[in-house]
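One letter stands for each residue in the lines below.
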Amino acid sequence: MYTIIDTHCHLDIIQEQGQDIAESLKKAKESGIKKIVQIGIDLESSIRAKGLSEKFSDEEIEIFYSIGCHPTETHEFPKKEEILTLVKENVTDKKLSAIGEIGLDYYHDASTKAYQADVLHSFLEASGQYSLPVVIHSRDAAEDTVSILKEHRDKAFGVIHCFTYDYPTAKKLVDLGYYISFSGIVAFKNARDIQEAAEKLPLESMLIETDAPFLAPPPFRGKRNEPSYTKFVLEKMFSLRKESNSEVEKTLYNNSLKFTQRKAYHHD
């Protein structure tokens with residue numbers, strides 16, 4: 001059995017799609033998952049994420065959570081200050097591992113670019129203020145993501161979750177001090193750019209995740225994803241990396257552990 005952390009999961013949405021959280025966690029434990037980060041995407045889900053961490057953490061599996069404002073949830077943007085207050089109120093809670101997910105998404109609605117950027121700046125400032133990592137969602141917005149993160153260099157820190165760009169972009173983000181997290185997409189046959197990034201980046205700069213219930217890896221592509229499937233992302237990493245499987249597993253686990261403990265990726 002592997003030893004794994006799923007650094008990005010939506011247990012509440014899995015439940016909405018038909019599988020109880022208790023069942024998801026039972027399967028996760030059986031597959032070697034030791035910790036899960038339950039992600040907030042708006043005010044309501046962030047409050048819910050905190051509750052899930054309190055209710056479901058036990059000796060076998062620990063549930064962390066994040067507080068966020070997803071860039072596609074533009075109806076939540078007016079609640080930005082409430083979400084930032086929620087971060088402030090919970091900053092001493094060790095189960096709070098990150099601010100996010102936040103970021104830029106031009107795929108769904110490019111007309112809100114300026115609004116998205118304004119909200120992102122606010123949360124990046126909070127990252128520096130509270131020494132909390134951010135979970136960055138970036139879709140069809142590579143250039144602007146790099147540009148904005150540069151403005152907060154050496155203050156904000158965190159992870160680019162569900163990485164979907166190419167190696168040169170990944171290198172820029174890692175050079176800014178960010179982890180790159182790979183989801184089930186890295187195992188898709190046509191994901192060559194993402195696979196190249198997974199091959200070439202320093203192993204110490206990488207995390208793995210499911211983003212469940214979305215983006216299930218083969219052999220479950222197109223079906224509901226769940227934390228237990230993180231092992232298929234790990235196994236794809238085995239095939240892409242030159243290091244031994246045991247070193248890949250151990251390093252990815254330790255990286256993920258650092259992330260849940262609010263520690264930044266430090267690069268040379």
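This is a predicted model, so every value here is computed, not measured. (Residues numbered from 1 in each chain as written. Predicted model: local features only at pLDDT ≥ 70, side-chain atom pairs only at ≥ 80, totals over all residues. Heavy atoms only, no water.)

## Looking at the overall build of the chain
Tallying secondary structure elements over the chain gives 10 helices and 8 strands in all. On C-alpha atoms alone, the chain measures out to a radius of gyration of 17 Å, which is about the 18 Å that the 2.2 N^0.38 rule sets for 268 residues. Dimensions along the principal axes, computed over C-alpha positions, put the chain at roughly 45 × 40 × 35 Å. For the chain, with 268 residues in total, the buried portion stands at 59%. Taking as baseline every contact in the chain between residues at least 6 positions apart, the subset at least 24 positions apart corresponds to 75%. Here the chain has roughly 11,600 Å² of accessible surface; of this, 47% comes from carbon and sulfur atoms. Computed over 34 positive and 43 negative side-chain charges, the inter-centroid distance for the chain is 4 Å. (Helix = DSSP H or I, 4+ residues; strand = E, 2+ residues; numbered from the N terminus. Rg over C-alpha atoms; globule rule 2.2 N^0.38 Å. Buried < 20%, exposed > 50% of the residue type's maximum accessible area, 1.4 Å probe, protein only. Contact = heavy atoms within 4.5 Å. Areas by Shrake-Rupley, 256 points an atom, 1.4 Å probe, with all protein chains shown as cover. Lys, Arg positive; Asp, Glu negative; His and termini not counted. Charge placed at Lys NZ, Arg CZ, Asp CG, Glu CD.)

## Quick notes on helix α2 (residues 21-30)
Within the sequence span of α2, burial applies to Ile-21, Ser-24, Leu-25 and Ala-28. The buried side chains of α2 occupy one side of the element, clustering within an arc of 95° when seen end-on. Considering only its buried residues, α2 is in contact with α1 (11-16), β2 (33-38), α3 (43-56) and β3 (62-67). Looking at the residues trailing α2, positive phi occurs at Gly-32, about 100°. (Arc of directions from axis to C-beta.)

## Topic: the packing of aromatic side chains
Counted under the stated rule, the structure contains 8 aromatic pairs. Centre to centre, the rings of Phe-163 and Tyr-165 are 5.9 Å apart; their planes meet at 90°, and the pair counts as edge-to-face. Taken together, the ring pairs in this structure connect Phe-163, Tyr-165 and Phe-182 into an aromatic cluster. If you follow Lys-113 out to its NZ or CZ, it ends over the ring of Tyr-106, 4.6 Å from the centre. (Phe/Tyr/Trp six-rings, centres within 6.5 Å; stacked < 30°, edge-to-face > 60°. Lys NZ or Arg CZ within 6 Å of the ring centre and 35° of its normal.)

## Side note on the layout of surface pockets
Put simply, the largest pocket is a space of about 520 Å³. Together, 20 residues line the largest pocket, and His-70, His-108, His-137, Arg-139 and Asp-211 are the ones closest to its centre. Of all the secondary-structure elements, those providing two or more residues to the lining of the largest pocket are β4 (96-105) and β5 (134-139). The dominant element in the lining of the largest pocket, judged by the number of residues it contributes, is β5, at 3 residues. (1 Å grid on protein atoms, 1.4 Å probe; cavity = no way out; pocket = protein on both sides within 12 Å on 5 of 7 lines; lining within 4 Å. Points joined across faces, edges and corners; volume = space filled by probe spheres on them.)

## Side note on the sheet that holds strand β1 (residues 4-9)
Spatial strand order, β1-β2-β3-β4-β5-β6-β7-β8: 8 strands in an open sheet with parallel pairing. Whereas interior strands pair on both sides, the edge strands pair on one side only; in this sheet they are β1 and β8 (206-208). Direction aside, neighbouring strands of the sheet carry axes that sit 30° apart on average. Pairing analysis gives 4 bridges linking β2 to β3, with the strands arranged parallel. Bridge pairing in β3 links Ile-36 to Ile-63. (Pairing = 2+ DSSP bridges. Axes fitted to C-alpha atoms, helices over the stretch in contact; angles between N-to-C directions.)

## Things to note about the pattern of salt bridges
According to the stated counting rule, one finds 16 salt bridges in the structure shown. Between Glu-199 and Arg-192 there is a salt bridge, and its shortest N-O distance comes to 2.9 Å. Take Glu-199: its relative accessible area is 30%, and that puts it in the partly exposed class. (Salt bridge = Lys/Arg side-chain N within 4 Å of Asp/Glu carboxyl O.)

## Structural notes on the UniProt feature "binding site: a divalent metal cation 2" (unreviewed entry) in the chain
Mapped onto the present numbering, the UniProt feature "binding site: a divalent metal cation 2" (unreviewed entry) falls on His-137 and His-161. Spatial clustering of the annotated residues is evident: they stretch over 25 residues in sequence, but the largest pairwise C-alpha distance comes to 5.9 Å. Residues that both appear in the annotated list above and line the largest pocket are His-137 and His-161. Assignment of secondary structure puts His-137 in strand β5. When residues no more than four places from it in sequence are discounted, the contact partners of His-137 are His-70, Pro-71, Glu-101, Ile-102, Gly-103, Leu-104, Asp-105 and His-161. A distance of 3.3 Å separates a polar atom in the side chain of His-137 from a polar atom in the side chain of Glu-101. If you trace the backbone, His-161 turns up in the loop between β6 (158-160) and α7 (167-175). Of the residues examined, His-161 reaches a relative accessible area of 4% and is grouped as buried. (UniProt positions renumbered as here; feature names shortened; annotations may be inferred. Polar contact = N/O pair within 3.5 Å; in protein donor to acceptor, adjacent residues only side chain to side chain.)

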